[in-house]
Amino acid sequence: MLPFSEIGEQAAFARRHGKEWFIGVINNQMPRRENILLKFLGAGNYKLVELADSPERNDVFARTERTVTAKDSLTLPLRRDGGYVAWLVPMRNRVERGP
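All values reported here derive from a predicted model rather than from experimental measurement.

Visitor: In this structure, what is going on with the overall build of the chain? I would like to understand it.
Guide: Helix and strand counts for the chain come out as zero helices and seven strands. Projected onto its principal axes, the C-alpha coordinates of the chain cover approximately 55 × 30 × 20 Å. Expressed as a percentage of its 99 residues, the buried residues of the chain come to 33%. By sequence separation, contacts in the chain at least 24 residues apart represent 59% of the contacts at least 6 residues apart. One finds the centroid of the 16 positive side-chain charges in the chain at a distance of 8 Å from the centroid of its 12 negative side-chain charges.

Next comes the structure, spelled out in C-alpha cells:
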C-alpha cells in the first residue's frame, strides 16, 4: 500500500511481478493531486504505460507512454471517483551496431 492511502478516501498500491511494476489508485469523491516517487525501481530506464483520468471527460481515460527512471516521480491528478493505473517495464539497452 502506498503512503497516501487512507480508508474511505483512496486506495493506492504498487506491486511487483519479476522486474515489472504495477500501480493502481482508486479515489473517492474528493478530487486531489498525488505524487508517487519511483525510487523503488531498479537501475536503468523503464517504459511507463499509464491510464489516468482524462482532463476533458469523466468517462474517459487518457493513455500515455513514456520512459522513466528511479529518479522520476509521477504526478496524479485524480478526479472525483477517479483512478489511475500504470505498468512499468524495464527497457533493454539497445546496442548500436555498425554496418
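This is not the end of the story, as more comes after the structure.
Visitor: I would appreciate a short explanation of the pairing of strand β4 (residues 46-53) in the present structure.
Guide: Two faces make up the sheet, and in a regular strand the side chains alternate between them. With six of its eight residues buried, β4 lies for the most part within the structure. The sheet contact formed by β4 and strand β5 (residues 61-68) spans eight bridges and is antiparallel. What sits directly across from Glu 50, in β5, is Thr 64. Summarising the sheet, β4 and strand β7 (residues 83-90) pair through seven bridges and their orientation is antiparallel. What sits directly across from Lys 47, in β7, is Val 89.

Visitor: Honestly, the nonpolar core in this entry has me stumped. Any pointers?
Guide: Across soluble globular proteins, nonpolar side chains show a tendency to be buried alongside one another. Within the largest apolar cluster, 20 residues are counted, with the highest numbers of intra-cluster contacts made by Ile 23, Val 25, Ile 36, Leu 74, Tyr 84 and Leu 88. Listed by contribution, the elements that provide at least two residues to this core are β1 (10-17), β2 (20-27), β4, β6 (73-78) and β7. Ignoring sequence-local partners within four residues, the contact set of Leu 88 consists of Lys 19, Glu 20, Trp 21, Ile 23, Leu 41, Tyr 46, Lys 47, Leu 48 and Val 68.

Visitor: Explain the side chain of Asn 27 here, please?
Guide: Tracing the chain through its elements places Asn 27 in strand β2. When its relative accessible area of 6% is taken as the criterion, Asn 27 is described as buried. Here the side chain of Asn 27 touches Met 30 through a polar contact of 3.0 Å, landing on its backbone oxygen. Not counting chain neighbours up to four residues away, the residues in contact with Asn 27 comprise Glu 9, Gln 10, Arg 32, Leu 78, Arg 79, Arg 80, Asp 81 and Gly 82.

Visitor: Whenever I open this one, the environment of Leu 78 confuses me. Can you help?
Guide: Relative to the assigned elements, Leu 78 resides in strand β6. Beyond its immediate chain neighbours, meaning those up to four positions away, Leu 78 contacts Gln 10, Val 25, Asn 27, Pro 31, Arg 32, Glu 34, Asp 53, Gly 83 and Tyr 84.

Calculation rules
- Residues numbered from 1 in each chain as written.
- Predicted model: local features only at pLDDT ≥ 70, side-chain atom pairs only at ≥ 80, totals over all residues.
- Heavy atoms only, no water.
- Helix = DSSP H or I, 4+ residues; strand = E, 2+ residues; numbered from the N terminus.
- Buried < 20%, exposed > 50% of the residue type's maximum accessible area, 1.4 Å probe, protein only.
- Contact = heavy atoms within 4.5 Å.
- Lys, Arg positive; Asp, Glu negative; His and termini not counted.
- Charge placed at Lys NZ, Arg CZ, Asp CG, Glu CD.
- Pairing = 2+ DSSP bridges.
- Core = buried A, V, L, I, M, F, W, Y, C linked by side-chain atoms within 4.5 Å.
- Polar contact = N/O pair within 3.5 Å; in protein donor to acceptor, adjacent residues only side chain to side chain.

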